Amino acid sequence: MSTLAIIDYGSGNVRSVQRAIESAAAHGGHTINVTLTSDPETIARADRIVLPGVGHYADCAEGLAARTGVIEAISEAAFARGRPFLGVCVGMQLMADVGREDIETPGLGWIGGAVELLAPNDPALPIPHMGWNVLRTTKPHPLLEDLGAEPHVYFVHSYALTAESEEDVAAVTDYGGPFVAAVARNNLFGAQFHPEKSQQTGQRLLSNFLSWRP
Amino acid sequence: MLKVRVIPCLDVKDGRTVKGVNFVDLRDAGDPVALARAYDAQGADELCFLDITASVEERGAMINVIERTADACFMPLTVGGGVRKPDDMVAMLKAGADKVAINTAAVLEPEILTACARKVGAQAVVMALDVRREGDGWGVYTHGGRKSAGKDAVAFAKRAAELGAGEILLTSMDRDGTRDGYDLDLLRAIRDVVHVPIVASGGAGNVQHMADAVSLGGADAVLAASIFHFGEASVADAKRALAAAGAPVRWTEETAA
C-alpha cells in the first residue's frame, strides 16, 4: 500500500488534515496509508508528503528544525526521490526563502521569495484575511483541476508569500489586489488556504493530490 | 472577493446541545455532531461551538465533540467556553478547531491574548466580547454576561485587537434572545476602532437582520442560533438576504439550489 506522511512537528491542526485526506482518499478510491509522523525514516520512505502548519512562522520553522533529521528526510523524499509534496498554510510559507513575521526567519528555500504581511490596497480591509475567497488559477495544474468555475477556499492568515518568479505561482486570490494563494514547481505544491477546511472544493483538491503523478 | 460568513452557533453542555433545537430530519437534535453535519450540508461558512459546561472536569466532553465534528465536517470550526490559558487553546486546536474564543480570562487579564497569539497565532485567537449598553456607551461583561467588568467595550475591543486577538465575536447581551436584530450602533462603534474581522452576534430574529449587520453595521460575519436551529431560516435564506443587500456570499451546490 502506498503511504502518505503528514509531518507532525507540534504545529496545530494535524488531525483535521489527516481526517480530510483520509476522507478524500475514501471517496476518490485511493488506497493509501496516512500517518502523522516525525520519524525521519518513515518520512524519507513515504510516497507522498504533506507539511501542515498553523501559527507563527518562526515557531513553525523552529519546531520543524527541532525534530532531528526531519528536514533532511523531507528533502530526501521531495528532491532525491521526487515524491509529491503539499505544503499547507504556514507549511506552504515555509517553502519560501524567508519569513518576515515579526522577525526574519529562514525558510526551506525551495521557492524564491519572502513571506510578508498582507498589504491590501484598501486600508479598510481587515487583517487577518479570514474566510472564503476565490481561487484564480494562473498556471494550469493537476491539483487545481475540476474545482468548478469559481472555486471558494478557506483562508485564515495575515501573511502571504511574495514569489520572485511568476513561474512558481499557480493561483492568486484577490484581497485588495492579488496575493499568492498557491505555488507550484515540479513535484512541489503549496496552498496558502486550507484544503482540509474547504468542504467539497478542498476534498477535490486533496483527491487530486492523491492521484498526482508529477 | 472575500465573502461574508454565515455562522450557525451551538451551545453545548456536557457534550450535548442545550438550546432547543427543532431540526427537520434530524434523529438526535441534542447531538452537536449531527447538527454540525446538517449545517455543513446546508453550506454554512463556519460553525461555532460554545461550551457552557459548568465544571472543568467535564470539559473533556467538549474535546470529544470537537474531534468528532472535525472528523466528519471539513469546514472551519470556532470553539469557545472555559478557555483560560494558551494551553487550553492548543488542546482545542489539536482536537480540530481552527479558532478558539476566549472571554472572561482575557477580560480580567488582557495580556493573556498576547500569550495566546504567540502560542497559536493571532488568526486563531477570537476575543468573545459580551457587552451591555451603559449610558451612552457599552460595558464589558464576563461569566456568560452575568458580571460587569467595569470596562468600556469600545476601548477594550481596540486593546484586545492590539494585544493579539485576530477576530472579535461581538455579542450584545441586550439583544441576545430578543430577536430584535443585532445592535447596529454597537457594531459600528467597534468597527470604527478595530482592524480585525468582527462577527455580529445576539439578536438575530430574521435574515434581514443579518443583512443589516453587514450593510449597516459593517460586520464581516453573522452568527445566529435559534433562527437556524428552529428551521425558521436556512443558511441559504440568510445568504439570499445578504446577497440582496449587496453583500458578497459564497454559494455552494447546496445553497445554490
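Residues numbered from 1 in each chain as written. Chains lettered and ligands numbered in written order. Predicted model: local features only at pLDDT ≥ 70, side-chain atom pairs only at ≥ 80, totals over all residues. Heavy atoms only, no water.

## Digging into the interface of chain A and chain B
Often, the extent of an interface is quoted as the loss of accessible area on bringing the components together.
Stage number 1. Taken together, the 33 residues of chain A in the interface contact 35 residues of chain B.
Stage number 2. When chain A packs against chain B, close to 2900 Å² is buried across both sides, 54% of that on carbon and sulfur atoms.
Stage number 3. Broken down residue by residue, the surface that chain A buries against chain B is led by Met130(A), Trp132(A) and Gln199(A), which jointly contribute 24%.
Stage number 4. Counting across the chain A and chain B interface gives five salt bridges.
Stage number 5. One salt bridge connects Glu67(B) with Arg15(A), and the closest N-O pair in it is separated by 3.9 Å.
Stage number 6. For the pair chain A and chain B, the number of links is 17 residue pairs in polar contact (both at pLDDT 80 or more).
Stage number 7. Breaking the side of chain A that touches chain B down by element, the ones donating at least two residues are α1 (14-28), β8 (129-134), β10 (152-157) and α6 (199-211) of chain A.
Stage number 8. Take the side of chain A that touches chain B: its biggest share by element is six residues, from β8(A).
Stage number 9. For the side of chain A that touches chain B, the residue count by class is 14 nonpolar, 13 polar and six charged. (Contact = heavy atoms within 4.5 Å. Buried area = accessible area lost by both parts, 1.4 Å probe. Salt bridge = Lys/Arg side-chain N within 4 Å of Asp/Glu carboxyl O. Polar contact = N/O pair within 3.5 Å; in protein donor to acceptor, adjacent residues only side chain to side chain. Helix = DSSP H or I, 4+ residues; strand = E, 2+ residues; numbered from the N terminus. Nonpolar A, V, L, I, M, F, W, Y, C, P; charged D, E, K, R; others polar.)

## Structural notes on the side chain of Thr105(A)
Stage number 1. Tracing the backbone through its elements, the reader meets Thr105(A) in strand β6 (residues 103-106).
Stage number 2. Those residues in contact with Thr105(A) that sit more than four places away from it in its chain are Tyr57(A), Ala58(A), Ala61(A), Asp97(A), Val98(A) and Gly99(A).

## Considerations on the packing of aromatic side chains
Stage number 1. Counted by the stated rule, this structure contains seven aromatic pairs over all chains.
Stage number 2. Judged by centre distance (5.8 Å) and plane angle (70°), the ring pair of Phe155(A) and Phe193(A) falls under edge-to-face. Pair noted here: Phe155(A) is in strand β10 and Phe193(A) is in the loop between β14 (188-191) and α6, with a separation of 38 residues, a long-range link. Grouping residues by exposure puts Phe155(A) and Phe193(A) together as buried.
Stage number 3. Put simply, the rings of Phe79(A), Phe85(A) and Trp110(A) touch in pairs and so form one group of aromatic residues.
Stage number 4. The aromatic ring of Phe209(A) is capped on one face by Arg48(A), whose charged end is 5.9 Å from the ring centroid.
Stage number 5. Over the ring of Trp132(A) we find Arg250(B); its NZ or CZ atom is 3.5 Å from the centre of that ring. (Phe/Tyr/Trp six-rings, centres within 6.5 Å; stacked < 30°, edge-to-face > 60°. Buried < 20%, exposed > 50% of the residue type's maximum accessible area, 1.4 Å probe, protein only. Lys NZ or Arg CZ within 6 Å of the ring centre and 35° of its normal.)

Take it as geometry only, folks, not as evidence of what the structure does.
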